Amino acid sequence: MKKLFNKTQTWLECILCGRKKDLLEERKFRCVCGGLYDVKHNLECPLPYVLKKDFYERLELHQSISGVWRYKELIMPYLPKRFVVSLSEGNVPIIEAGRNLEEWVGGDLELWLILEGMTPTGSFKDFGMTVLISVAKAAGIEAVSCASTGDTSASAAAYAAAAGMKCVVILPRGKVTPAQLAQPLVHGATVITLPGSFDDCMKVQRELTEKYGVYPANSLNPARIEGHQATVFQVAQFFNWDFPDWFVVPVGNGSNCSSIGKARRLLLDLKMAENNCRILGCQSLAANPLAESWGRATWKPQERNSKEFLEYWKMLYAPVAVRETTATAARIGDPVSRDKVMREIVASNGRMKTATERDLNEAVSVCGKDGFFVCPQTGIALAGLREAVKEKTINPGSRVVVVSTATGLKFTDSAAKNLAKNIIDAKNCKTDTVARIMKI
Ligand SMILES: [Zn+2]
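Described in the following lines is the structure provided in the data block. (Residues numbered from 1 in each chain as written. Predicted model: local features only at pLDDT ≥ 70, side-chain atom pairs only at ≥ 80, totals over all residues.)

What to know about the overall build of the protein
Within the protein one finds 17 helices and 13 strands. Its C-alpha atoms give the protein a radius of gyration of 21 Å, within 12% of the compact-globule value 22 Å for 440 residues. Overall, the protein is about 75 × 50 × 50 Å in size when its C-alpha atoms are taken along their principal axes. Counting only contacts in the protein whose residues sit at least 6 apart along the sequence, the fraction spanning at least 24 positions is 75%. (Helix = DSSP H or I, 4+ residues; strand = E, 2+ residues; numbered from the N terminus. Rg over C-alpha atoms; globule rule 2.2 N^0.38 Å. Contact = placed C-beta atoms within 7 Å.)

Considering the sheet that holds strand β3 (residues 37-41)
In spatial order, the strands read β2-β1-β3; together these three strands make up an open sheet with antiparallel pairing. Every other strand in the sheet has two partners, leaving β2 (20-21) and β3 as the edge strands with one partner each. (Pairing = 2+ DSSP bridges.)

So, unusual backbone geometry
It is generally the case that most residues other than glycine have a negative phi and that most peptide bonds are trans. Positive phi values are uncommon outside glycine, yet N349 reaches one of about 60 degrees. Structurally, the position occupied by N349 is in the loop between α13 (338-347) and β12 (351-355). Despite not being glycine, K392 has its phi angle at roughly 65 degrees, a positive value.

Overview of the environment of I380
Note on placement: I380 falls in helix α15 (residues 376-390). On a C-alpha basis, the gap between I380 and T8 in space is 41 Å, while along the polypeptide they are 372 residues apart. Non-local contacts of I380, meaning those with residues more than four positions away in its chain, are made with P250, C282, Q283, S284, A327, A330, A355 and L360.

Description of the nonpolar core
V144, A156, V248, V249 and L385 are the most contacted members of the largest nonpolar core, which totals 125 residues. It is helix α4 (residues 125-138) that provides the largest number of residues to this core, a total of eight residues. In this view, A156 contacts M129, V144, C146, C167, V169 and A217; residues no more than four positions away in its chain are not counted. (Core = buried A, V, L, I, M, F, W, Y, C linked by C-beta atoms within 7 Å. Buried ≥ 20, exposed ≤ 12 C-beta atoms within 10 Å, placed from the backbone.)

Digging into the packing of helix α5 (residues 151-163) against helix α6 (residues 178-186)
Their axes nearest at 8 Å, the elements α5 and α6 cross at an angle of 20 degrees. The angle between the axes of α5 and α6 places the two elements in the roughly parallel class. The element α5 and its partner α6 pack so that their crossing is left-handed. Contacts between α5 and α6 involve D151, S153, A154 and A157 on the former and, on the latter, Q180, Q183 and P184. Here the contact of α5 with α6 is composed, by residue class, of three nonpolar, three polar and one charged. (Axes fitted to C-alpha atoms, helices over the stretch in contact; angles between N-to-C directions. Parallel < 35°, antiparallel > 145°, perpendicular 65-115°, else oblique. Left-handed = near helix turned anticlockwise from the far one by under 90°. Nonpolar A, V, L, I, M, F, W, Y, C, P; charged D, E, K, R; others polar.)

Observations concerning the environment of Q180
Relative to the assigned elements, Q180 resides in helix α6. As for Q180 and W313, which are separated by 133 residues in sequence, their C-alpha atoms are 34 Å apart.

No statement about biological role is implied by the geometric values presented.
In structure tokens form, the structure reads like this:
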């Protein structure tokens, strides 16, 4: 096959030893030294103001241009357009927090949410999957597979279907919601469930990749990370190329946190944005290997902005046994992208926080009262934010953007269970009975 782009244009580079590989030929996505890869591009961008003008013009045309591929020059500049597999993802709303949420979080913040549940498959995964499947198509791949807690599998199945590829998804039995189970089935994927946790599924996926060469759609394949960066590009453009003071994200396997950090560094390098923004990564008490090891570190928070801290943290890190939680999509005890997550938290002078089960569920119902039905993982981010405000890690007046990672409509079971007590069952079908209940 004729090379679509050469190694001096786009390549993979190990985050630990710097070894370079060909993006379109790589199948294992794990360096011989054990490190993960970054995708690197030799960007020959037009001047920032030309690029910004193009992005604005495409935004005006947003009905027809994907909110991820709007930023193609920064995401996958050398990929020929004929390989792009898009379902019109991106272009999600960025909204100001409602009065109930603002009051619940406290701290007098300028609080915003980017609603990434408003995508084709209802989660942020579509931002990355459109890029991964496009790269896979360019590489001549015919089948992909992934381990998932529910959102990755829905997205992989949809984009593989759009590309005419086969897709196999490996799920922890009984640990994804009925909506998430229906999604890959609807898109014609092969659905395999295992009697274990996500971490067991991920182990199988990794071995399928390493021993059998199965092309992975998990974020271990860094093409996904490239697409997720559109979150940051969209937010920066929304604020006229100013960063918010903080991005707040739930952390499961770590793809979102990794990509937010990578995009943040890229815009700073290109001088398309100039102010720092910090990342607050949040995990639930049921699955908090990163927040837990961060909390165990004895270094002062303000002294953690260094490579030495990363080395120290690696010694502290240990996987955790996951417990039951409403936030099943982040129920991960040994995140694949943990090194990248911590690299970005440290580089941005960020923080990690743990959210309790009670607080994350409360956050979901508070958002509901403002008119937004968010997923429990968004609840983790909001509850972590509230803790950071209480501790005065985040100052009053700060502009904060919370990444709402999926729609609550994928998680109706847990929401309905929590709120079922509020349902009033009338004992007959008479209007008078209903009127009495309404106290009129
Ligand atoms: Zn390496």
